[in-house]
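# Structural overview for review
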2 protein chains.
Amino acid sequence: MPNYTVTPISVLIEQFERLPGIGSKSARRLAYHIMKLSKGEIEEFSSALRDIHLKVKYCKICSNFTDEDVCSICSDKSRSKLVICVVEEAKDALALERTQEFDGVYHVLHGAISPLSGIGPDDLTIKELLTRISSDSPKEIIMATNPDVEGEATAMYISKILKPFGIKVSRLAYGIPVGADIEYADEITLSRALRGRCEI
Amino acid sequence: MPNYTVTPISVLIEQFERLPGIGSKSARRLAYHIMKLSKGEIEEFSSALRDIHLKVKYCKICSNFTDEDVCSICSDKSRSKLVICVVEEAKDALALERTQEFDGVYHVLHGAISPLSGIGPDDLTIKELLTRISSDSPKEIIMATNPDVEGEATAMYISKILKPFGIKVSRLAYGIPVGADIEYADEITLSRALRGRCEI
């Protein structure tokens, strides 16, 4: 097939295909969309990508992504340094930010303990969390790791390490998602929702 | 919200959001995926985008995208120049190529006639098609524009212009898609499938 050879278009399609959740059909649609853009628009996109490795680094305090030495949340004086919310990934912190419910600070682990994938505690930013706790002496650590095996294990591991510090360690509540149908909720979620029921 | 300011990350998220079929959630997921890539991987992606406006141009013959003066299909001597398949977009030619059923050549209109969007015949590559027909005198023109109002109007318009040339002009068959359920097919498609029935 003559047009299956390597061309700038096929290279771009392949780049899109590597992204999570983008199949070969979407990759082709995206690449052909790019070809309809102006030179300036393509240049903006290309630079936005390049800027990621040129400008983005880890926050010295919380390990979140930032383009400064200290991220905008850690350097925000209106936010309480006494409550640290521990998340697996930077995008989890972003999701929590959107709730506008939390005015503490974050700590990004960049993963979860997963012996099957060969990820141990030393591959995460747990050491940085301990240093931070020793110096800032927060009142509460909220474990907001994912509600799956790895996230649970990570939350348990960290809460055990934190025992000697005598700090309150909490976990995000389990329950049925807002808008969901009880009929279709799985038993584990439902039993957790029952156990965690609150007075109204 | 401190982290809603313009940062390299928010710029990249916005770039992904502009792509067709990518919502704000997907855009965030893609941007955070990029941040986990190595410098080299990001550089490859960024260059692939840049190469599109640096290297890709229109084929002098069929107006398809190519990185040469003449595209790989038009310059392929094993393909018949006597049958020209007219498509709206380059991606439609790619879809037809994947069937491995067609060994003629293409003509890419880069759109369809749409008075509502202000796209007239002069905005398409119809003039180029006529020049091509005068010089190459093909035997058949297959109209493979989309089966919607604009695609139909474009097919009708071009077939009328081609009348004086005395060339056979055909249209892709309408019918029920392979694998579809007759029960759920719409009436127009079904009646077209009936009219176009073939002996078996």
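Bear in mind that the values here come from a model prediction, so they are computed numbers and not experimental data.

## As for the pattern of salt bridges
Throughout the structure, instances matching the rule amount to 18 salt bridges over all chains. In this structure, A:E97 and A:R79 form a salt bridge, with 2.8 Å as the shortest nitrogen-oxygen distance. Highlighted residues: A:E97 in helix α4 (residues 90-98) and A:R79 in the loop between β2 (65-66) and β3 (83-87), separated in sequence by 18 residues. You'll find A:E97 and A:R79 in the same group, each marked buried. Several salt bridges share partner residues, and in doing so they unite A:E14, A:R18 and B:E44 into one network.

## Overview of helix α1 (residues 8-17) of chain A
Taken residue by residue, α1(A) has A:P8, A:I9, A:L12, A:I13, A:Q15 and A:F16 as its buried positions. Buried residues of α1(A), viewed axially, fall in a sector of 160°; they line one side. Each element contacted by the buried residues of α1(A) is listed here: α2 (24-35) and α3 (39-55) of chain A together with α3 (39-55) and β2 (65-66) of chain B.

## Considerations on helix α5 (residues 126-136) of chain B
Residues and elements named next belong to chain B. All of the buried residues along α5 are I126, L129, R132 and I133. Along α5, the residues classed as buried sweep out an arc of 115° about the axis, all on the same side. Those residues of α5 that are exposed and angled more than 90 degrees off the buried face are K127, T131, S134 and S135. Against the buried residues of α5 lie β3 (83-87), β4 (105-108), β5 (140-143) and α6 (149-162).

## Remarks on the interface of chain B and chain A
Interfaces are often sized by the accessible area lost when the parts come together. The interface is formed by 54 residues belonging to chain B together with 54 residues belonging to chain A. Carbon and sulfur atoms supply 68% of the area that chain B and chain A bury against each other, a total of about 5500 Å² over both sides. Applying the counting rule to chain B against chain A returns 6 salt bridges. Taken together, the links from chain B to chain A amount to 15 residue pairs in polar contact (both at pLDDT 80 or more).

## Topic: the side chain of A:H53
Residue position: A:H53 is located in helix α3. One polar contact links A:H53 to B:E43, side chain to side chain, over a distance of 3.0 Å. Residue contacts for A:H53: discarding those within four places in its chain leaves B:K39, B:I42 and B:E43.

## Quick look at the domain arrangement of chain A
We note that the domain assignment places domain 1 (7-47) and domain 2 (78-199) within chain A. Measuring from the centre of the C-alpha atoms in domain 1 of chain A to the corresponding centre in domain 2 of chain A gives 36 Å.

## Remarks on the state of the cysteines
All names here are of chain A. Under the counting rule described, the total for this entry stands at 0 disulfides over all chains. Of all cysteine sulfurs, the one in C62 lies closest to C74, which takes part in no disulfide; the gap is 3.7 Å. For C74, a relative accessible area of 7% gives the class buried.

## Observations concerning the pairing of β3(A)
Residues and elements named next belong to chain A. The buried fraction of β3 amounts to 4 of the 5 residues, a majority that puts the element mostly inside the structure. Both β3 and strand β5 (residues 140-143) contribute to a ladder of 4 bridges, which runs parallel. Looking across to β5, one finds that I84 is bridged to I141. Both β3 and strand β4 (residues 105-108) contribute to a ladder of 4 bridges, which runs parallel. Each bridged residue has a counterpart across the sheet, and for V86 the counterpart in β4 is H107. Considered for its hand, the β-α-β crossover made up of β3, α4 and β4 is right-handed.

## Overview of the relation of the copies chain B and chain A
You can overlay chain B on chain A at an RMSD of 0.1 Å; the transform is a turn of 180° with a shift of 0.0 Å along its axis. Here the two chains are linked by the operation of a two-fold rotation axis. No C-alpha of chain B approaches the rotation axis more nearly than that of B:S46, which lies at 2.3 Å. Of the residues that chain B buries at the interface, 100% are likewise interface residues in chain A, meaning the two copies contact each other through the same surface.

## Comments concerning the confidence of the model for chain A
All names here are of chain A. With 96% of its residues at a pLDDT of 70 or more, chain A has an overall mean of 88. Ranking the elements of chain A by mean pLDDT puts helix α7 (residues 187-195) last, at 77, and β4 first, at 96. On the interface metric, ipTM, the complex scores 0.72, and its pTM is 0.73.

## Section: the packing of α1(A) against α3(B)
Between α1(A) and α3(B), whose axes approach to 9 Å, the crossing angle comes to 145°. Considering how the two elements wind past one another, α1(A) and α3(B) form a crossing that is left-handed. In this structure, α1(A) uses A:P8, A:I9, A:V11, A:L12, A:Q15 and A:F16 to contact α3(B), whose residues at the interface are B:E41, B:E44, B:F45, B:A48, B:L49, B:D51, B:I52 and B:K55. For the contact of α1(A) with α3(B), a count of residues per class yields 9 nonpolar, 1 polar and 4 charged.

## Digging into the packing of aromatic side chains
A ring pair, where both rings are aromatic, is described by two values, the distance of the centres and the angle of the planes. Summed over the entire model, instances satisfying the criterion amount to 9 aromatic pairs over all chains. When the centroid spacing of 6.1 Å and the interplanar angle of 40° are considered together, the rings of A:Y32 and B:F65 count as tilted. Within this pair, whereas A:Y32 is found in helix α2, its partner B:F65 is found in strand β2, the two belonging to separate chains. Judged by relative accessible area, A:Y32 falls into the buried class, the value being 9%.

Analysis parameters
- Residues numbered from 1 in each chain as written.
- Chains lettered and ligands numbered in written order.
- Predicted model: local features only at pLDDT ≥ 70, side-chain atom pairs only at ≥ 80, totals over all residues.
- Heavy atoms only, no water.
- Salt bridge = Lys/Arg side-chain N within 4 Å of Asp/Glu carboxyl O.
- Helix = DSSP H or I, 4+ residues; strand = E, 2+ residues; numbered from the N terminus.
- Buried < 20%, exposed > 50% of the residue type's maximum accessible area, 1.4 Å probe, protein only.
- Arc of directions from axis to C-beta.
- Contact = heavy atoms within 4.5 Å.
- Buried area = accessible area lost by both parts, 1.4 Å probe.
- Polar contact = N/O pair within 3.5 Å; in protein donor to acceptor, adjacent residues only side chain to side chain.
- Domains from an automatic or database assignment.
- Disulfide = S-S within 2.5 Å.
- Pairing = 2+ DSSP bridges.
- Right-handed = clockwise from strand over helix to strand, strands pointing away.
- Least-squares fit on C-alpha atoms with pLDDT ≥ 70 in both.
- pLDDT = per-residue confidence, 0-100.
- Axes fitted to C-alpha atoms, helices over the stretch in contact; angles between N-to-C directions.
- Left-handed = near helix turned anticlockwise from the far one by under 90°.
- Nonpolar A, V, L, I, M, F, W, Y, C, P; charged D, E, K, R; others polar.
- Phe/Tyr/Trp six-rings, centres within 6.5 Å; stacked < 30°, edge-to-face > 60°.

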